[in-house]
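Take a look at the letters that make up each chain.
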Number of protein chains: 2
Amino acid sequence: MSSNTESWQAKAQRKRDQILQGIPEQWRLSRADLDRAALQSDLTGSFIQSFLDQETIEITSLETNEINPCLHELFIEYALDRAKELDAFFEKHGKPTGALHGLPISLKDQFHVGDFDTTMAYVGWIDGKLGIDKEKSPVFESDLVKELRSLGAVFYCKTALPQTVLVGFPYGHLNGRSQGLTFISLLAWRNNQQHHWRLELVFRSVLSTKPWLSDPAVVPIPWRTEELESIRSRVNAKGQSAGRPLKFGFFWRNSTLEPHPPVRRGLKIVAEALQRAGHIIVDWNPPDHKVAEHIHAQFLYADGAHDVQAHISRSGEPIIPNLKSRFGLREPMPLLQYQDLTMQGLDFENRYADYWNSTGTEDGHAVDAFIMAPAPHAAVIPGKYLTPGYTEVINLLNYSAVALPVTRADKALDVVDTDYIPSEGLDKRNWDAYEPDIYHGAPVGVQVVARKFEEEKALAIAEVVQAAIRAAQT
Amino acid sequence: MSSNTESWQAKAQRKRDQILQGIPEQWRLSRADLDRAALQSDLTGSFIQSFLDQETIEITSLETNEINPCLHELFIEYALDRAKELDAFFEKHGKPTGALHGLPISLKDQFHVGDFDTTMAYVGWIDGKLGIDKEKSPVFESDLVKELRSLGAVFYCKTALPQTVLVGFPYGHLNGRSQGLTFISLLAWRNNQQHHWRLELVFRSVLSTKPWLSDPAVVPIPWRTEELESIRSRVNAKGQSAGRPLKFGFFWRNSTLEPHPPVRRGLKIVAEALQRAGHIIVDWNPPDHKVAEHIHAQFLYADGAHDVQAHISRSGEPIIPNLKSRFGLREPMPLLQYQDLTMQGLDFENRYADYWNSTGTEDGHAVDAFIMAPAPHAAVIPGKYLTPGYTEVINLLNYSAVALPVTRADKALDVVDTDYIPSEGLDKRNWDAYEPDIYHGAPVGVQVVARKFEEEKALAIAEVVQAAIRAAQT
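So, how was this worked out
Residues numbered from 1 in each chain as written. Chains lettered and ligands numbered in written order. Predicted model: local features only at pLDDT ≥ 70, side-chain atom pairs only at ≥ 80, totals over all residues. Heavy atoms only, no water. Least-squares fit on C-alpha atoms with pLDDT ≥ 70 in both. Contact = heavy atoms within 4.5 Å. Salt bridge = Lys/Arg side-chain N within 4 Å of Asp/Glu carboxyl O. Helix = DSSP H or I, 4+ residues; strand = E, 2+ residues; numbered from the N terminus. Buried < 20%, exposed > 50% of the residue type's maximum accessible area, 1.4 Å probe, protein only. Pairing = 2+ DSSP bridges. Axes fitted to C-alpha atoms, helices over the stretch in contact; angles between N-to-C directions. Buried area = accessible area lost by both parts, 1.4 Å probe. Polar contact = N/O pair within 3.5 Å; in protein donor to acceptor, adjacent residues only side chain to side chain. Phe/Tyr/Trp six-rings, centres within 6.5 Å; stacked < 30°, edge-to-face > 60°. Lys NZ or Arg CZ within 6 Å of the ring centre and 35° of its normal. Parallel < 35°, antiparallel > 145°, perpendicular 65-115°, else oblique. Nonpolar A, V, L, I, M, F, W, Y, C, P; charged D, E, K, R; others polar. Core = buried A, V, L, I, M, F, W, Y, C linked by side-chain atoms within 4.5 Å. Right-handed = clockwise from strand over helix to strand, strands pointing away. Arc of directions from axis to C-beta. pLDDT = per-residue confidence, 0-100. Disulfide = S-S within 2.5 Å.

Details of the relation of the copies chain A and chain B
Once chain A has been moved 0.0 Å along the axis and rotated by 180 degrees, it coincides with chain B to within an RMSD of 0.1 Å. The transformation relating the two chain copies, once decomposed into turn and shift, fits a two-fold axis. Among all residues of chain A, the one whose C-alpha sits closest to the rotation axis is L335(A), at a distance of 2.6 Å. Most of the interface of chain A is mirrored in chain B, where 100% of its interface residues are also at the interface.

What follows is the structure, given as structure tokens:
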């Protein structure tokens, strides 16, 4: 089926056709509905629900290739066969196979599942498994896939990624732009409490398989229920302080980019809700995040784009326009400079830890977590994603972060602020990109950030934040 | 006192004088005793005990600069002042300051203590603190130092290191060759059971201070008593199996270097003792350690010796002869090659983990630990240290290892084996270096190796091994 002389365009088209074929006929939308969909600024809510019963919304994703190319693989038959296997197991043994028995789980297209492709959005890896010799290992699987399966998970699709995984929405030559991530995040939005429980279940179950024994890169820290409990024991069901209050740092903006009005309002909603719930709010003035962003970016580009170029040259596809200027092939960074960069990163980590510890100087209690926007704008409009600046500091620090929804942009409340004079460059481009009508209804979130290896704490605190927001709204 | 025009020889001599001055007059040996010392092949045992009472042996080290330059700093006054402080605290509060109240602890000269020098054997860092601007931070201290002090430790010296810390005995221009490490290890030898308890106490206490909060490079794994207990519950006081037996891999030699006869015998003693105690012994046939040694060495030399050269050029001292050929200044490795090397290291780790897991295929129980020699020879004769090959695989894998003493070389038992034909090169050089008369009485040890982050398990298993050896000898 594949051929060395096949153009990258033809190869990508073949894959798109294959993905579409994976969607059962009866699940596809009619031409008329597709046209109607193209006119929506928000495909979720009433529009999509007009096609579905409640249960279906929660179990499957429903988009067709034309309106929402959020998938790189869809394998319903494979999933149904697996579900039958699990049913048979339950019938025979009278018990589930594991903690995730029958749970449908989607993985992004970086994970190796069965004999399906792993493309990571590179056309050159269609009919292949990125980095793996598929001839030799047709069913090579990622450790996480094996662990989830051993717990009873059912895989049914692989979700889309952008080329290089370095822009804020899936965009590559496999499927063009996708609004998939927005939709998926909205599922979480609809039922966030349940989402937290699911996250906890999956984390706890996967860690119960001791993944560090098969993958030495995994640190052997089991799921620490006591870390969750130590937070939960300090609040009631409404997130109100019921003991020593939680202490939050609030990072209102970074030094380069002013958040759009809906994001400012979102942060204020959270701060007020937490204060009303009896928690402590302090301003968060850490070492300049710009330094982290600079170090992080240098790491990304250190290899002179040799890795990315090797992947795209397999098919001859070009770099997507958003990344073209950054991923031209060039000399890699000299090693001594790279080692110095590593030291700069460690130094930033140390200074950040010192700052964090210093917040406990007065009362003996350092902040439990800090709150910041995940981006300077509400849910991204495809093509308007300018910078990962609000997230890459977290990447560099390896901190534990949980993003959660707060409100939606509202053109009546979030009017253009003419008092703010943006700096020339990125700040101005971002500031000018805010248009109340376009953003109206877009989700606004915050991220709860705990230290490195504090996933349980971050999750428990995110629950508290959400409960407090909910309580403040009622 | 220091001057930019001072020669490195003069600077080193000044430091040696200073170290000597730190030793109280009444503790120094006479000229006659020093001459007698120079004739001994073993300074421990009856020779040194002729000068000391039992208690003194355990509390202080006693060498003078001339016979045993094992120290870079000795600060008895500082230690006594600290001890008085601790006494006063105890008097006032009726309780110790922490779990290590009053415990004298020596640190190697890589740690920053008070306003003392940190030279790491570089003459250029005399009157300085390696890598730290001493003008700005005269009392900059390492995190570990602060943590140990907060627990009540008393610092009294800093032990010698070789230039670059990459040869097997302290050898640099600060103090020439040292036999110090041999003597220190013998203290442990004399009373190894107590040594294990001390290690456990120090680890547990230091981890109780949550060092990961101040140093993000520390992984937040507390001391896991349950890991020790899970081993201890499987044996009795003689190290005999009292439940599911322990399972040991035995690594008899690596692919390049045959161990000397005393080391071979040491391994056999351990294997027989463990079998007699009811444990399971299997051969250990992992991925070739030579691969790990090669990767490890490339990492060491990747920077083209720029780091080492920067340190020695501060004073103009030369590289010590043992390292000269390896640390000439040259072009650093290109970054892509370095990144590939990192991948090779991860691949080796993965393959090693796969092998380890495979030892459980038949009976469901992978080996608990494996046993290997720490070197292909007994305790090293200064100048005869040829290769770190038996240890650097452990460094690359980040495995948890505990070295422990087994026996002593014995010229009557460990005769030259003329049947073994060494390979040309390192194997032959090592093999030819074995002389029964010279090695007679030298300590022979093994190392107990557990996986990454399994320090507690390694320590508990080392106790079992030692108990089994002792039981077999009586």
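Let's talk about the pattern of salt bridges
Residue and element names in this part refer to chain A. Tallying each qualifying case throughout the model produces 56 salt bridges over all chains. Notably, a salt bridge pairs K15 with D117, separated by 2.8 Å at the nearest N-O pair. Linking K15 in helix α1 (residues 8-21) with D117 in the loop between β2 (104-108) and α6 (143-150), this pair joins segments that are 102 residues apart in sequence. Of the two residues examined, K15 and D117, each falls in the buried class.

Remarks on the sheet that holds strand β8 (residues 369-372) of chain B
Residues and elements named next belong to chain B. Read from one edge to the other, the open sheet built from five strands follows the order β7-β6-β8-β10-β9, with strand pairing classed as mixed. Looking at which strands have only one partner, the edges of the open sheet turn out to be β7 (280-283) and β9 (399-408). Ignoring strand direction, the axes of neighbouring strands in this sheet form an average angle of 30 degrees. With three bridges joining them, strand β6 (residues 247-250) and β8 adopt parallel strand pairing. By the bridge assignment for β8, F248 is matched with A369. In the packing of helix α10 (residues 261-276) onto the sheet, contacts are made with β6, β7, β8, β9 and β10 (443-452), and the angle to β9 comes to roughly 105 degrees.

Things to note about the interface of chain A and chain B
Contacts between chain A and chain B engage 25 residues on the former and 25 residues on the latter. Counting each side, the surface lost to burial between chain A and chain B is near 2000 Å², with a carbon and sulfur contribution of 65%. Area buried by chain A at its contact with chain B is led by L213(A), P216(A) and L335(A), which between them contribute 28% of it. In this structure, the connection of chain A to chain B is made through zero salt bridges. Counting every contact that joins chain A to chain B gives six residue pairs in polar contact (both at pLDDT 80 or more).

Some thoughts on the packing of aromatic side chains
Residue and element names in this part refer to chain A. Applying the stated criterion across every chain, the model contains 37 aromatic pairs over all chains. Taking the centre distance of 4.9 Å and the plane angle of 85 degrees together, the rings of Y78 and F116 count as edge-to-face. Remark: F116 occurs in the loop between β2 and α6 and Y78 occurs in helix α5 (residues 76-93); sequence separation between them is 38 residues. According to the relative accessible area criterion, Y78 is partly exposed, its value standing at 28%. Using a relative accessible area of 16% as the deciding quantity, one classes F116 as buried. Between the NZ or CZ atom of R314 and the centre of the ring of W125, over which it lies, the distance is 3.5 Å.

Some details on the packing of helix α11 (residues 289-301) of chain A against helix α15 (residues 389-397) of chain A
Residue and element names in this part refer to chain A. The geometry of α11 relative to α15 is characterised by a closest axis approach of 8 Å and an angle of 75 degrees between their N-to-C directions. One finds that α11 runs roughly perpendicular with respect to α15. On α15, the residues that touch H289, A292, E293, I295, H296, A297 and F299 of α11 are G389, E392, V393, N395 and L396. Classifying every residue of the contact of α11 with α15 by side-chain character gives six nonpolar, four polar and two charged.

Observations concerning the nonpolar core
Ranked by internal contacts, the top residues of the largest apolar core, which has 52 residues, are F370(A) and F370(B). At the level of elements, α11, α14 (335-358), β8 (369-372) and α15 of chain A together with α11 (289-301), α14 (335-358), β8 and α15 (389-397) of chain B are the ones that each hand at least two residues to this core. Look past the residues within four positions of F370(A) in its chain and what remains in contact with it is G249(A), F251(A), W284(A), Y352(A), W356(A), I394(A), Y399(A), Q447(A), V448(A) and V449(A).

Topic: the pairing of strand β10 (residues 443-452) of chain A
Residues and elements named next belong to chain A. The buried fraction of β10 amounts to eight of the ten residues, a majority that puts the element mostly inside the structure. Looking at chain direction, strand β9 (residues 399-408) and β10 are connected through nine bridges and run antiparallel. When the sheet's bridge partners are listed, R408 is paired in β10 with P443.

Describing the side chain of R232(B)
Residue and element names in this part refer to chain B. Tracing the backbone shows R232 in helix α9 (residues 225-232). A distance of 2.7 Å separates polar atoms of two side chains, one belonging to R232 and the other to E200. Look past the residues within four positions of R232 in its chain and what remains in contact with it is E200 and E463.

Some remarks on the packing of helix α10 (residues 261-276) of chain A against helix α18 (residues 455-473) of chain A
Residue and element names in this part refer to chain A. Two elements in contact, α10 and α18, have axes separated by 8 Å at closest approach and are oriented at 90 degrees. By the angle between their directions, the pair α10 and α18 is classed as roughly perpendicular. Residues I269, V270, A273, L274 and R276 of α10 lie in contact with α18, whose contacting residues are V465, A468, I469 and A472. A class-by-class count of the residues in the contact of α10 with α18 yields eight nonpolar, no polar and one charged.

A short note on the pairing of β6(B)
Look at any regular strand and the pattern is simple: side chains alternate between the two faces of the sheet. Of the two faces of β6(B), the one holding K247(B) and G249(B) and the one holding F248(B) and F250(B) are both buried throughout. As a crossover connection, the stretch from β6(B) through α10(B) into β7(B) is right-handed.

Examining α9(B)
Along α9(B), the positions that sit buried rather than exposed are L228(B), I231(B) and R232(B). Around the axis of α9(B), the buried residues are gathered within 100 degrees of arc, so they sit on the same side.

Details of the confidence of the model for chain A
All names here are of chain A. On average, residues of chain A carry a pLDDT of 88, and 89% of them reach 70 or more. Low pLDDT, under 50, characterises residues 60-66; the predicted model gives this stretch 21 contacts beyond four residues in sequence or across chains. A low-confidence stretch, residues 178-183 stays under pLDDT 50, and its non-local contacts, those more than four residues away or across chains, total 16 contacts. Our summary of model confidence lists the complex with pTM equal to 0.89 and ipTM equal to 0.88.

Some details on the state of the cysteines
Two cysteines whose sulfur atoms are joined by a covalent bond form what is called a disulfide. Per the counting criterion, the structure on display carries zero disulfides over all chains. Of the cysteine sulfurs around C70(A), a residue in no disulfide, the closest is that of C157(A), at 7.2 Å.

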